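# Geometric and topological summary
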Amino acid sequence: MTDHAPPAKRRLARPALSVLGLKLFAVILIVNVAISGLVFVGVSRSINDGFIDYLETTQAALVNNLADTLSEEWSRQESWQWLRTDPRAWRELVRRQLWPEGHPPPVGIQRDMTQARDFVLHDANGLPVISLPPRRDRQPAHLEWIPIRHEGRKVGTLGYVPPDQLMEHMEKIFLEQQQRNLAIIVASLVLASLLLAGGLSWWLGRRTQNMALATRRLTQGDYGARLAERGRDELSRLSQDFNVLAATLEANRESRQRWVTDIAHELRTPLAVLRGEIEAMQDGIRPLDQDNLDSLSQEVGQLERLVGDLRLLAQSDAGALEVSLAPLDLAESLESRLDDARGWIEEHDISLASDIPKSMMIRGDAQRLRQLWSNLIDNTLAYTTAPGELRVYLQVNADRAQLIWEDSAPGVPEAELDRLTQRLYRVEGSRNRKSGGSGLGLSIAAALISAHGGTLHASLSSLGGLRWTIEFPLLTRPH
């Protein structure tokens, strides 16, 4: 017998660049960049719209505090002359009031919006005490005015540049600063998106491409490929299912190879006997008489039965087994076949005990059921040691007809029970045809039972042999 060694189970080679990975990378990157851009635009607009309100609130508080301080200073000096003669005193006064900590902030909007040059002071007669210096970077300002009072009397007027005019200069500084910060944030988001998209697309693309390569190898007949089973996600479960599929296909291929080898072995034995007997007759060693012709006829008949069994199994595999189902009395079919075979069974020194009701209707094929009973009888007679015992019971189990078929020793190892219906399988593992025929009887029985919508289950018999439990769906009668 030829030894068919299965191909080595090997992992797939590292795949090349994945198209799915590139698509996933592009989609994730585009989505994240679009989100970052929308965030940038939205935050910029929000800052721009709220900036004037922020300046108005801040500027109003500063101007009121400065007016109160100027009122106190006037009460001590009784005039504004000290500010006219010493402009530096004005800058120091504003500096102390606007920056109580003694020094301005080093950088930022607050420093730029709280300069002494943005304030104007007039006396009670409207004459300038401190004027607004001219600036090249903007048009002359339209000032807002607030009175300076001492004990209810107006002693001067404080003018200041309103926020909407400061915006011409301040908005540029503030927005540039905030947009720079936003640009850093968006750039960081884009970089993080790039790394995330690249890593995710590489990981998913590598796994899916491995699956694609493995599937291609399966379609080409290479069933040795396996996928790595890592993690507990859907892809891992898909890898597990793929490996189960590959293992099943590989087992089916090995089974098919064994099947072909076993068929060749089964056909070789009767053909070798035929050839030997014919050559013996041709050489004159054996006479060409009726006995030798009968021997040849028996070998030919055995070949015909084997070929017929193989044809039946092939039809069953293809779903083309000819079965004509019609209402049929299962009890009558079984009782009739056992009565016909009773003498044959007793010749093998095996006692038959049966308990079969008068009637039990199913949908079945009388010829195929008779073939099923014959195969079960042949199996019992081939493997039961004389003197032996055969018990057959037919009963109703829920909505199914249940047939119990059990015989006496020898038994079958429990580990071998599930393999009994495999084709050409023998428990003892030998090729001795005298001990068990071709090994197709139980496979044919299983195929016939399946064609009738039934089930077949093997277990150990209390008699020391084998117990078969066969169930058929009962025929439902219309009410």
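Residues numbered from 1 in each chain as written. Predicted model: local features only at pLDDT ≥ 70, side-chain atom pairs only at ≥ 80, totals over all residues. Heavy atoms only, no water.

Once that is clear, we can look at the overall build of the protein. Along the protein, the regular secondary structure elements total 11 helices and 13 strands. Considering only contacts within the protein whose residues lie at least 6 apart along the sequence, 71% involve residues at least 24 apart. Summing over all exposed atoms, the protein offers an accessible surface of approximately 27,700 Å²; the carbon and sulfur share of this is 54%. (Helix = DSSP H or I, 4+ residues; strand = E, 2+ residues; numbered from the N terminus. Contact = heavy atoms within 4.5 Å. Areas by Shrake-Rupley, 256 points an atom, 1.4 Å probe, with all protein chains shown as cover.)

Our focus in this paragraph is unusual backbone geometry. Look at the link from Ala386 to Pro387: it is a cis peptide, with omega at -10°. Locating Pro387 in the fold gives a position in the loop between helix 9 (366–383) and strand 10 (388–397). In the segment running from Ala409 into Pro410, the intervening peptide bond is cis, with an omega of 10°. If you trace the backbone, Pro410 turns up in the loop between strand 11 (400–408) and helix 10 (433–436). Positive phi is not limited to glycine here, since Glu151 has a value of about 55°. Counting through the fold element by element, Glu151 comes out in the loop between strand 4 (144–150) and strand 5 (153–160). The class of Glu151 is exposed, set by a relative accessible area of 75%. Even without being glycine, Asp349 reaches a positive phi, approximately 60°. Along the chain, Asp349 turns up in the loop between helix 8 (330–347) and strand 8 (350–355). (Buried < 20%, exposed > 50% of the residue type's maximum accessible area, 1.4 Å probe, protein only.)

Once that is clear, we can look at the sheet that holds strand 8. With mixed pairing, the 5 strands of this open sheet are ordered in space as 8-10-11-13-12. Where the open sheet ends on each side, the last strands, each with one partner, are strand 8 and strand 12 (455–460). Pairwise comparison of adjacent strand axes, ignoring direction, gives a mean angle of 15° for this sheet. Of the strands in this sheet, strand 8, strand 10, strand 11 and strand 13 (464–473) touch helix 8, which is tilted by about 165° from strand 8. (Pairing = 2+ DSSP bridges. Axes fitted to C-alpha atoms, helices over the stretch in contact; angles between N-to-C directions.)

End to end, helix 8 covers 26 Å across 18 residues, agreeing with the expected 26 Å (1.5 Å per residue, within 8%). The largest bend in helix 8 comes to about 50°, at Ala341. By the burial criterion, the buried members of helix 8 are Leu330, Ala331, Ser333, Leu334, Arg337, Leu338, Ala341 and Ile345. Its side-chain oxygen at 3.1 Å from the backbone nitrogen of Ala331, Asp329 defines the N-terminal cap of helix 8. Backbone geometry just after helix 8 places Asp349 at a positive phi near 60°. (Expected span 1.5 Å × (residues − 1). Bend = angle between axes of the 7 residues up to and from the residue. Polar contact = N/O pair within 3.5 Å; in protein donor to acceptor, adjacent residues only side chain to side chain.)

With that settled, the discussion passes to the packing of helix 8 against helix 9. Where helix 8 contacts helix 9, the two axes come as close as 10 Å, and the packing angle between them is 40°. Judged by the inter-axis angle, helix 8 sits oblique to helix 9. In the packing of helix 8 onto helix 9, the handedness of the crossing is right-handed. Facing Leu330, Ser333, Leu334, Ser336, Arg337, Leu338, Asp340, Ala341, Trp344 and Ile345 of helix 8, the residues of helix 9 in contact are Leu369, Arg370, Trp373, Ser374, Ile377, Asp378 and Leu381. In the contact of helix 8 with helix 9, the residues fall into 10 nonpolar, 3 polar and 4 charged. (Parallel < 35°, antiparallel > 145°, perpendicular 65-115°, else oblique. Left-handed = near helix turned anticlockwise from the far one by under 90°. Nonpolar A, V, L, I, M, F, W, Y, C, P; charged D, E, K, R; others polar.)

Here we come to the nonpolar core. One finds Leu372, Trp373, Trp405 and Phe472 to be the most contacted residues of the largest nonpolar core, which totals 46 residues. When neighbours within four sequence positions are excluded, Trp405 is seen to be in contact with Leu334, Leu338, Trp373, Leu376, Ile377, Thr380, Leu390, Arg391, Val392, Leu466, Arg467 and Trp468. Residues Leu66, Trp74, Val129 and Tyr160 belong to the second largest nonpolar core, which totals 20 residues. (Core = buried A, V, L, I, M, F, W, Y, C linked by side-chain atoms within 4.5 Å.)

A few words now on the confidence of the model for the protein. Taken over all residues, the pLDDT of the protein has a mean of 78, while the share at 70 or more is 81%. Between residues 1–13, whose pLDDT stays under 50, and residues either more than four places distant or in other chains, the model counts 29 contacts. pLDDT under 50 marks residues 105–114. Its contacts with residues more than four places away, or in other chains, come to 23 contacts. (pLDDT = per-residue confidence, 0-100.)

Moving on, we come to the environment of Leu474. Residue position: Leu474 is located in the segment after strand 13. Using a relative accessible area of 22% as the deciding quantity, one classes Leu474 as partly exposed. The sequence separation of Leu474 and Ala398 amounts to 76 residues, and the corresponding C-alpha distance is 9.2 Å. Setting aside residues up to four positions removed in sequence, Leu474 forms contacts with Met360, Met361, Ile362, Val396, Ala398, Asp399, Arg400 and Ala401.

A few words now on the packing of helix 9 against helix 11 (residues 441–451). With their axes 9 Å apart at the nearest point, helix 9 and helix 11 run at an angle of 150° to one another. One way to sum up the angle between helix 9 and helix 11 is to call them roughly antiparallel. Viewed along their axes, helix 9 and helix 11 form a crossing whose handedness is left-handed. Residues Arg368, Gln371, Leu372, Asn375 and Asn379 of helix 9 touch helix 11, and the partners they reach there are Gly441, Leu442, Ile444, Ala445, Leu448 and Ile449. For the contact of helix 9 with helix 11, a count of residues per class yields 6 nonpolar, 4 polar and 1 charged.

Turning next to the pairing of strand 13. Among the 10 residues of strand 13, 7 are classified as buried, and the element is accordingly described as predominantly covered. Direction of pairing for strand 12 relative to strand 13: antiparallel, over a ladder of 6 bridges. Note on strand 13: the bridge partner recorded for Leu456 is Ile470. Hairpin remark: strand 12 followed by strand 13, antiparallel, with 3 residues in the connecting loop.

On the surface, Val27, Val31, Ile35, Val39 and Val43 cluster together into a nonpolar patch covering about 370 Å² of accessible area. Summarising the element assignment, Val43 is placed in helix 1 (residues 19–77). (Patch = residues over 30% accessible without salt bridge, like charges linked within 9 Å, V, L, I, M, F, W, Y side chains within 5 Å. Salt bridge = Lys/Arg side-chain N within 4 Å of Asp/Glu carboxyl O.)

Another aspect to go through is the sheet that holds strand 3 (residues 128–130). Read from one edge of the open sheet, 4 strands run 3-2-5-4, paired in antiparallel fashion. Of all strands in the sheet, those bounded by a partner on one side alone are strand 3 and strand 4. With strand direction ignored, the average angle separating the axes of adjacent strands in the sheet is 30°. Bridge count for strand 2 (residues 119–123) against strand 5 is 5 bridges, and the pairing is antiparallel. Paired with Asp123 across the bridge in strand 5 is Gly156.

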